[in-house]
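# Reading the structure
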Amino acid sequence: VTPCCYTIFTFGNHQVQCTTAICITKFNDFNCNGHQDGTEPVLPDWTFVITNAVSGQTIYVTTGTNGVTCANVTAGTWKICEVQQAGWVVTTPECVFVTIATCQTISVEFGNSSTGTVCGFKYNDVNNNGTYDPFPGPDVPMSGWTINLYDDTFTLIASGITDANGLYCFENLL
């Protein structure tokens, strides 16, 4: 600055835009090891409850077709819990706590495995060719037959009877 003159200084500010988010991936844990392995698919349509540990603010989110959902949150500690669905068991913790800073995105994974179902079909292989030949073929479903399911030590673990269409299922095997 010189005497009798003035200089104008201009200061500009720019607000940094950022997102603070929690992203959740839901996967089918085929081998029940608690980690998503390369071939294990994602699971859409699972609901999660995200709750702020201090304020109690609650956010409900549901995974999309890609098995992922994200929620914009404020910095702080959050509890994330999955809402269980019938026919599935958890292979990772059902709830987790995360602490997130401003402008940070945290990713968490939740795994489940189906409770295991084995279904089959009993039929009379009239022409003895080893395949089911429905109408107009000669093979017919067989109802009222007892089907037994054994484990690898030949211990009986389930028993069922075929229905009118020759079908049977053993459920909740895990």
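Just above sits the structure.
This text gives an overview of the structure that appears in the document. (Residues numbered from 1 in each chain as written. Predicted model: local features only at pLDDT ≥ 70, side-chain atom pairs only at ≥ 80, totals over all residues. Heavy atoms only, no water.)

### Concerning the sheet that holds strand β7 (residues 95-100)
Which entries qualify depends on this criterion: Note: two strands are recorded as paired if DSSP finds a minimum of 2 bridges between them. Where helices and strands are cited, they refer to DSSP runs of H or I of at least four residues and of E of at least two residues respectively, numbered from the N terminus. Axes here mean lines fitted to C-alpha atoms, for a helix over just the part in contact, with angles spanning 0 to 180 degrees between N-to-C directions.
Taken in spatial order, the 4 strands line up as β3-β2-β5-β7 in an open sheet, and their pairing is antiparallel. Because the sheet does not close on itself, it has two edges, and the strands there are β3 (58-62) and β7. Geometrically, the sheet is characterised by an average inter-axis angle of 25° between neighbouring strands, direction not taken into account. In this sheet, strand β5 (residues 76-82) lies alongside strand β2 (residues 47-52) in antiparallel orientation, the contact comprising 5 bridges. Counted as the bridge partner of Asn52 is Trp78 from β5.

### Points about the environment of Asp37
Residue placement: Asp37 occurs in the loop between β1 (21-28) and β2. The spacing of Asp37 and Phe27 is 10 residues in sequence and 9.4 Å in space, taken between C-alpha atoms.

### Things to note about the sheet that holds β1
Spatial ordering of the open sheet is given by β4-β1-β8-β6, a layout of 4 strands whose pairing is mixed. The sheet terminates laterally at β4 (68-72) and β6 (88-90), the two strands that pair on one side only. Ignoring strand direction, the axes of neighbouring strands in this sheet form an average angle of 30°. Both β6 and strand β8 (residues 105-114) contribute to a ladder of 3 bridges, which runs antiparallel. Paired with Val90 across the bridge in β8 is Asn112.

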